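Fold and contact review
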Amino acid sequence: MKNRKVGFLSIGIIVVFVLTISNLFLGLVREYKKNSRAIPEIYSELTKKITSLASNVPVENQFFLPSFINNFAGIENISSVELQYNGNQIYKFPAVLDSSTSPFIKNFTSRIETSNGNLSLNVSFFMLSPNAIFTHARFAFFLILIGTLASAVLLLYLYLFSTESEPRSDFLGDTLPDDDATICKQDSESQEQPEQQASDE
């Protein structure tokens with residue numbers, strides 16, 4: 001009976017773990033698909049704002065870069081931004097750009113013409129933002145932690161209370177009440193005594 005309970009518990013733990021990992025995977029897939037549709041629209045809107053800014057504020061003006069940076073406020077999927085003016089780099093985020101490619105990063109490049117020169121805009125977006133990965137992983141971690149703790153408590157309960165209520169068994173493997181087991185033990189001891197006397201003679 002105890003082994004059967006442990007077996008059911010083990011199956012339950014495996015099911016919880018599989019469902020948790022599946023939910024994590026599906027959540028990230030949904031996030032990736034959502035960003036695949038949203039990010040091109042975000043970049044298109046971003047390009048329009050920067051084009052409007054460049055037509056109203058000269059690039060050499062001290063207010064151009066602060067206004068340019070403000071356009072990226074609230075966009076959490078930004079991986080990197082690089083802005084060049086007439087071939088010279090005037091803004092870069094982060095300070096050291098990672099040149100490696102990744103299927104989880106999408107790059108966009110635009111050329112914007114101004115009255116005094118050309119702007120080259122390079123923007124990279126996370127298809128899976130670090131915040132989204134952290135949120136989904138944290139939920140999965142807590143589910144697995146709760147399942148592990150609950151399993152440990154149930155195993156401890158089965159160990160403490162099942163061992164006290166288990167019936168005793170004879171040497172043939174059949175369960176016997178405690179009184180019958182005691183009688184059998186006494187009968188076996190009484191049979192051993194004559195055999196020992198015969199051997200001594």
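Residues numbered from 1 in each chain as written. Predicted model: local features only at pLDDT ≥ 70, side-chain atom pairs only at ≥ 80, totals over all residues. Heavy atoms only, no water.

1. Considerations on the confidence of the model for the protein chain
One rule of thumb: low pLDDT means the predicted coordinates there are not for detailed reading. Per-residue confidence for the protein chain averages 79 on the pLDDT scale, and 76% of its residues sit at or above 70. Within the model, the stretch residues 168-176 combines pLDDT values under 50 with twelve contacts to residues more than four positions away or in other chains. Below a pLDDT of 50 lies the segment residues 195-201, which in the model reaches zero contacts outside its immediate sequence neighbourhood of four places, other chains included. (pLDDT = per-residue confidence, 0-100. Contact = heavy atoms within 4.5 Å.)

2. Looking at the environment of I75
Of note, I75 is situated in the loop between α2 (64-70) and β1 (78-85). Spatially, the C-alpha atom of I75 lies 8.6 Å from that of I42, the residues being 33 residues apart in sequence. Residues in contact with I75, not counting those within four places in the same chain, are I42, L46 and F125. (Helix = DSSP H or I, 4+ residues; strand = E, 2+ residues; numbered from the N terminus.)

3. Let's talk about the pattern of salt bridges
Taken as a whole and assessed by the stated rule, the structure comprises one salt bridge. Between E31 and K34 there is a salt bridge whose closest N-O contact spans 3.6 Å. Here the residue E31 and the residue K34 both occupy positions in helix α1 (residues 2-56), the gap between them amounting to three residues, near one helical turn. Of the residues examined, E31 reaches a relative accessible area of 12% and is grouped as buried. Relative accessible area serves as the criterion here: at 43%, K34 is assigned to the partly exposed category. (Salt bridge = Lys/Arg side-chain N within 4 Å of Asp/Glu carboxyl O. Buried < 20%, exposed > 50% of the residue type's maximum accessible area, 1.4 Å probe, protein only.)

4. Section: the pairing of β1
Remember that side chains alternate between the two faces of the sheet whenever the strand is regular. Counting buried residues along β1, seven of its eight residues qualify, which places the element largely inside the surrounding structure. Relative to strand β4 (residues 118-126), β1 runs antiparallel, the two being bridged by seven bridges. Along β4, the bridge assignment pairs I78 with F125. As judged from the five bridges shared by β1 and strand β2 (residues 88-93), these two strands associate in the antiparallel manner. (Pairing = 2+ DSSP bridges.)

5. Some points on the nonpolar core
F64, F68, F72, V81, L119, L121 and V123 are the most contacted members of the largest nonpolar core, which totals 22 residues. For this core, the secondary-structure elements that each account for two or more residues are α1, α2, β1, β3 (105-113) and β4. If near-sequence neighbours (up to four positions away) are discounted, V81 is found in contact with F68, F72, Y91, K92, F93, L121, N122 and V123. (Core = buried A, V, L, I, M, F, W, Y, C linked by side-chain atoms within 4.5 Å.)

6. Remarks on a nonpolar patch on the surface
Side chains of F141, F142, L145, I146 and L149 sit close together on the surface and give an oily, nonpolar patch of about 510 Å² of accessible area. Here L145 shows up in helix α3 (residues 130-165). Residue L145 is classed as partly exposed on the basis of its relative accessible area of 34%. (Patch = residues over 30% accessible without salt bridge, like charges linked within 9 Å, V, L, I, M, F, W, Y side chains within 5 Å. Areas by Shrake-Rupley, 256 points an atom, 1.4 Å probe, with all protein chains shown as cover.)

7. Points about the packing of aromatic side chains
For the structure on display, the rule yields eight aromatic pairs. Geometrically, the ring pair formed by Y43 and F125 is edge-to-face, given 6.4 Å between the ring centres and 85° between the ring planes. Placement of the pair is Y43 in helix α1 and F125 in strand β4, with a sequence separation of 82 residues. You'll find Y43 and F125 in the same group, each marked buried. Between F141 and F142, the ring centres sit 5.6 Å apart and the planes meet at 65°, which makes this aromatic pair edge-to-face. By way of ring pairs, the aromatic residues F64, F68, F72 and Y91 are connected into one cluster. (Phe/Tyr/Trp six-rings, centres within 6.5 Å; stacked < 30°, edge-to-face > 60°.)

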